[in-house]
Amino acid sequence: MDLTREEEAILNGEEGEGRQKAMELVTALGKIYGADSLIDITSAHLSGASYKTIGDGGLKYLEDLVGGGATVSVPSTLNPVGMDRDRWREMHISEEFAEKQLRIIDLYGQMGIKKTCSCTPYVGPNVPSMGDHVAWAESSALSFVNSYIGARTNREGGPGALAAAILGKTANYGLHLDEKRVPTVVIDADIDGSVFSYSLLGQAVGMAIGSGIPYFRNISPEVEEAKALCAAMAASGSIALYHVEGVTPEAGNYDVSGLETIHIGKKELENAYDKLNRTEDVQLIAIGCPHLTEKEMHQIASFLKDKEKKNKDVEVWFCTSAEIREKCPEDVRIMERFGPVLADTCMVVAPIEGVFEKTGTNSAKAGNYLPTLCSQKAMCRDIAALMEVVM
């Protein structure tokens, strides 16, 4: 891989230990995947923010980076953490967990990373433009910016995205290249258009093709629907980019006439639903994976207005970013008659195991991860059906 004189100097440690470590990681990834050079990025989004997921080893790694003088070179945002930083006691979080979680957030802050902790930074402070090269972790977010916005990122892991943020550069391979963004299969979709149907569609497509770049026909997702589709396909498969005919910005660039076509309709959606539902009763209902948008907050509050929570044995959490929560005070007031509106966290990265065993969600992404990352039996239904459990 060709490096400039400046990049060689960083690799040789001439700009400090923190940047040297970052360069070692980015160039190692570039060599593994056959990159010819590094490219400049305009932003980064980092995963690996929850103490639950990175543990003491991750905390030590961050302390070493800060000790080595590492700071980010481009605007960078952070994924959800393991608790609401102010209301963590309502989530049954221990004092020890809270102390270490707050330390992690502080360390990221010392490196110049925005301490807004959300998996939907593209509706908040981090909105790339079409054609931008970025380094984003968080599977649903990177799929959204690749597909719906037309920015370019690989499926970065937490350390790789952080290293790229420190350098302001990433290795030039994979989805940064035109030839790697070409559709591989056409999906003929037959769904009812609800957000939940997009979640099931994503689940079904991930189950059907695993990876690749689907080209959708017969759907018209807006932000919330695209968000659900991204999250589900990234969790049930490893899909980081898709195109939607007449909707996404790069879809018109491709001739897909020779590609295989797969029909996803009622039968496939039922199979996806069955895959995600493993219990008929729950102890926790957690909504907001990925984080609720302002529009979704309004819709949920409108649905819950004039209704009462009757089943006191089931906890309800709504998860969004602090920014969105602050924008929706009247919605929050209505929703909190059912349960807390939690900011900057979500059920998947919170240590819910040990407190709960059965959790309901409206998200196919969470439906995949709750059994594997949280030892939960999952119920996955649309929001109205979930809330019937407590009304």
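Everything that follows concerns the structure shown earlier in this document.
So, here is what we can say about the structure in this document. Just so we're clear, the structure is a prediction, and the values are computed from it rather than from any experiment.

1. Quick word on the packing of aromatic side chains
Here is step 1: Counted by the stated rule, this structure contains 6 aromatic pairs.
Here is step 2: Each ring, one from Y51 and one from F97, has its centre 5.4 Å from the other, and the planes form 75 degrees; the classification is edge-to-face. Note that Y51 is positioned in helix 3 (residues 51-67) and F97 in helix 4 (residues 95-110), a separation of 46 residues in sequence.
Here is step 3: Ring centres of W317 and F356 lie 5.9 Å apart, and the angle between their planes is 85 degrees; this geometry places the pair in the edge-to-face category. Of this pair, W317 sits in strand 11 (residues 315-320) while F356 sits in the loop between strand 12 (341-343) and strand 13 (358-361), placing them 39 residues apart in sequence. Neither residue differs from the other here; W317 and F356 are each classed as buried.
Here is step 4: Over the ring of F303 we find K307, and its NZ or CZ is 4.5 Å from the ring centre.

2. What to know about the side chain of T153
Here is step 1: For T153, the position within the fold is in the loop between helix 5 (139-149) and helix 6 (158-167).
Here is step 2: A polar contact is formed between the side chain of T153 and the backbone oxygen of V134, at a distance of 3.3 Å.
Here is step 3: In terms of polar contacts, T153 uses its side chain to reach the backbone amide nitrogen of W136, at 3.0 Å.
Here is step 4: Once residues within four sequence positions are removed from consideration, T153 is found in contact with V134, A135, W136, L142, V145, N146, L175 and H176.

3. Considerations on the packing of helix 7 (residues 195-209) against helix 9 (residues 266-276)
Here is step 1: In the contact formed by helix 7 and helix 9, the axes pass within 8 Å of each other and the chain directions differ by 90 degrees. It follows that helix 7 is roughly perpendicular to helix 9 by the angle criterion. Across from F196, L200, L201, Q203, A204 and M207 in helix 7, the residues of helix 9 making contact are E268, L269, N271, A272, Y273, K275 and L276.
Here is step 2: Looking at the contact of helix 7 with helix 9, its residues break down into 9 nonpolar, 2 polar and 2 charged.

4. A short note on the side chain of H291
Here is step 1: As for its position among the elements, H291 is in strand 10 (residues 284-292).
Here is step 2: A distance of 2.9 Å separates a polar atom in the side chain of H291 from the backbone oxygen of T345.
Here is step 3: Once residues lying within four places of it in the same chain are set aside, the contact partners of H291 are P80, C117, S118, C119, T120, K227, E296, C319, T320, S321, D344 and T345.

5. Section: the environment of P128
Here is step 1: Relative to the elements of secondary structure, P128 occurs in the loop between helix 4 and strand 4 (135-136).
Here is step 2: When the C-alpha atoms of P128 and I93 are compared, they prove to be 34 Å apart, with 35 residues separating the residues in sequence.
Here is step 3: Residue contacts for P128: discarding those within four places in its chain leaves S43, V134, W136, V145, I149 and A151.

6. Observations concerning the nonpolar core
Here is step 1: Residues L46, Y108, M111, I113, L162, M347 and I352 are the most contacted members of the largest nonpolar core, which totals 62 residues.
Here is step 2: Elements supplying a minimum of two residues to this core: helix 2 (17-32), strand 2 (44-46), helix 3, helix 4, helix 6, strand 10, strand 11 and helix 13 (364-374).
Here is step 3: The dominant element in this core, judged by the number of residues it contributes, is helix 6, at 7 residues.
Here is step 4: Counting 41 residues, the second-largest nonpolar core is a separate cluster that includes L142, A226, A228 and M233.

7. Quick word on the sheet that holds strand 13
Here is step 1: Strand order across the open sheet formed by 5 strands is 12-11-10-13-14, with parallel pairing between neighbours. The sheet terminates laterally at strand 12 and strand 14 (377-380), the two strands that pair on one side only. Direction aside, the axes of adjacent strands within the sheet are offset by 30 degrees on average.
Here is step 2: Of the pairings in the sheet, the one linking strand 13 to strand 14 comprises 4 bridges and is parallel in character. The partner of K358 across the bridge, within strand 14, is K377.

8. Re the pairing of strand 13
Remember that side chains alternate between the two faces of the sheet whenever the strand is regular.
Here is step 1: Pairing analysis gives 2 bridges linking strand 10 to strand 13, with the strands arranged parallel. Across the sheet, the residue bridging to L284 is T359, located in strand 13.

9. Let's talk about helix 9
Here is step 1: What helix 9 keeps buried is the set L269, A272 and L276. Seen along its axis, helix 9 keeps its buried residues to an arc of 60 degrees; they face one direction. Structural note: helix 9 exposes K266 and K267 on the side pointing more than 90 degrees away from its buried face.
Here is step 2: Taken together, the buried residues of helix 9 touch helix 7, strand 9 (261-264), helix 13 and strand 14.

How each quantity is defined
Residues numbered from 1 in each chain as written. Predicted model: local features only at pLDDT ≥ 70, side-chain atom pairs only at ≥ 80, totals over all residues. Heavy atoms only, no water. Phe/Tyr/Trp six-rings, centres within 6.5 Å; stacked < 30°, edge-to-face > 60°. Helix = DSSP H or I, 4+ residues; strand = E, 2+ residues; numbered from the N terminus. Buried < 20%, exposed > 50% of the residue type's maximum accessible area, 1.4 Å probe, protein only. Lys NZ or Arg CZ within 6 Å of the ring centre and 35° of its normal. Polar contact = N/O pair within 3.5 Å; in protein donor to acceptor, adjacent residues only side chain to side chain. Contact = heavy atoms within 4.5 Å. Axes fitted to C-alpha atoms, helices over the stretch in contact; angles between N-to-C directions. Parallel < 35°, antiparallel > 145°, perpendicular 65-115°, else oblique. Nonpolar A, V, L, I, M, F, W, Y, C, P; charged D, E, K, R; others polar. Core = buried A, V, L, I, M, F, W, Y, C linked by side-chain atoms within 4.5 Å. Pairing = 2+ DSSP bridges. Arc of directions from axis to C-beta.

These figures come from the coordinates and say nothing about function on their own.
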